[in-house]
Amino acid sequence: MSTKETAAVSQLLALLEARYALRVLWALRDGHAQTFRLLQDSVGGITPNTLNTRIKELREAGLVGHGSDGYSLTLSGQDLLKRLSDLQAFAGKWQLGQMKKAAATAPAAPAAVPTAAAPATSAAPAAAPVAPAAAPSPDPLAAPAPTPAAPGDDTSHG
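Residues numbered from 1 in each chain as written. Predicted model: local features only at pLDDT ≥ 70, side-chain atom pairs only at ≥ 80, totals over all residues. Heavy atoms only, no water.

A. Examining the pairing of strand 2 (residues 70–73) more closely. Here strand 1 (residues 64–67) pairs with strand 2 via four bridges, running antiparallel. Residue pairing for strand 2: His66 is matched across the bridge by Tyr71. Between the antiparallel neighbours strand 1 and strand 2 lie two residues. (Pairing = 2+ DSSP bridges. Helix = DSSP H or I, 4+ residues; strand = E, 2+ residues; numbered from the N terminus.)

B. Here's a closer look at the environment of Leu25. Relative to the assigned elements, Leu25 resides in helix 2 (residues 21–27). Taking the relative accessible area as the measure of exposure, Leu25 reaches 0% and is therefore buried. Taking the C-alpha atoms as reference points, Leu25 and Leu81, separated by 56 residues in sequence, lie 7.7 Å from one another. Setting aside residues no more than four positions away along its own chain, Leu25 makes contact with Leu16, Leu58, Leu63, Val64, Leu73, Leu80 and Leu81. (Buried < 20%, exposed > 50% of the residue type's maximum accessible area, 1.4 Å probe, protein only. Contact = heavy atoms within 4.5 Å.)

C. Examining the pattern of salt bridges more closely. Applying the stated rule across the entire model yields three salt bridges. With its nearest N and O atoms 2.8 Å apart, the salt bridge here joins Arg54 to Glu57. Of this pair, Arg54 and Glu57 both sit in helix 4 (residues 48–60), three residues apart, which is roughly one turn of that helix. Of the charged contacts, one joins Glu60 and Lys56 as a salt bridge, the two residues approaching to 3.9 Å between their closest N and O atoms. Separated by four residues within a single helix, Glu60 and Lys56 lie in helix 4, roughly one turn from each other. When its relative accessible area of 53% is taken as the criterion, Lys56 is described as exposed. (Salt bridge = Lys/Arg side-chain N within 4 Å of Asp/Glu carboxyl O.)

D. Structural view of the nonpolar core. Core analysis: the largest hydrophobic core is formed by 20 residues, its most contacted members being Val24, Leu25, Leu39, Val43, Leu58 and Val64. Put simply, the parts of the chain that give this core at least two residues each are helix 1 (3–17), helix 2, helix 3 (36–43), helix 4, strand 2 and helix 5 (75–83). It is helix 2 that provides the largest number of residues to this core, a total of four residues. Non-local contacts of Val64, meaning those with residues more than four positions away in its chain, are made with Leu25, Leu28, Leu58, Arg59, Tyr71, Ser72, Leu73 and Thr74. (Core = buried A, V, L, I, M, F, W, Y, C linked by side-chain atoms within 4.5 Å.)

E. Examining a nonpolar patch on the surface more closely. Together, Met1, Val9 and Leu13 make up an exposed nonpolar region whose accessible area comes to about 320 Å². Structurally, the position occupied by Val9 is in helix 1. Residue Val9 is classed as partly exposed on the basis of its relative accessible area, which comes to 38%. (Patch = residues over 30% accessible without salt bridge, like charges linked within 9 Å, V, L, I, M, F, W, Y side chains within 5 Å. Areas by Shrake-Rupley, 256 points an atom, 1.4 Å probe, with all protein chains shown as cover.)

F. Inspection of the side chain of Arg54 at higher detail. Assessed through its relative accessible area of 10%, Arg54 is described here as buried. Among the polar contacts listed, one links the side chain of Arg54 to the backbone oxygen of Arg19, at a separation of 2.9 Å. With residues up to four places along the chain from it excluded, the contact list for Arg54 reads Ala18, Arg19, Tyr20, Ala21 and Val24. (Polar contact = N/O pair within 3.5 Å; in protein donor to acceptor, adjacent residues only side chain to side chain.)

Right, dumping it as structure tokens:
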């Protein structure tokens, strides 16, 4: 890559690395214009000041436009999101890999070994079965699914 190309990539990454910038673009990906309030709700958790700043930066970069119906992606913004469209498929596969990795590295529960103090015929309650892990969310920006509790982690009894 030439120095000029490297500078262009660096400049684009700096813009997209700004807090919530990608989320603003992602919220506009369906092609429907959104009002400021609707865009704020779509992004989630963004303050009005931050959203205003991101919109200004993305408009100056030619990625977002504003019309009578609200904010929408420009042709350049649509082109960028097309190039990032594999992000959703990758995110799902990556999340599944992370879940498998976490399960493989989790310490196994020690097996119960009968001792002289605790005979093998004690009336200990059976461990509850573990629920299967939830499938990865199709939306890479959605909150991760809760992890099922391991047997013996029940803290509901006093």
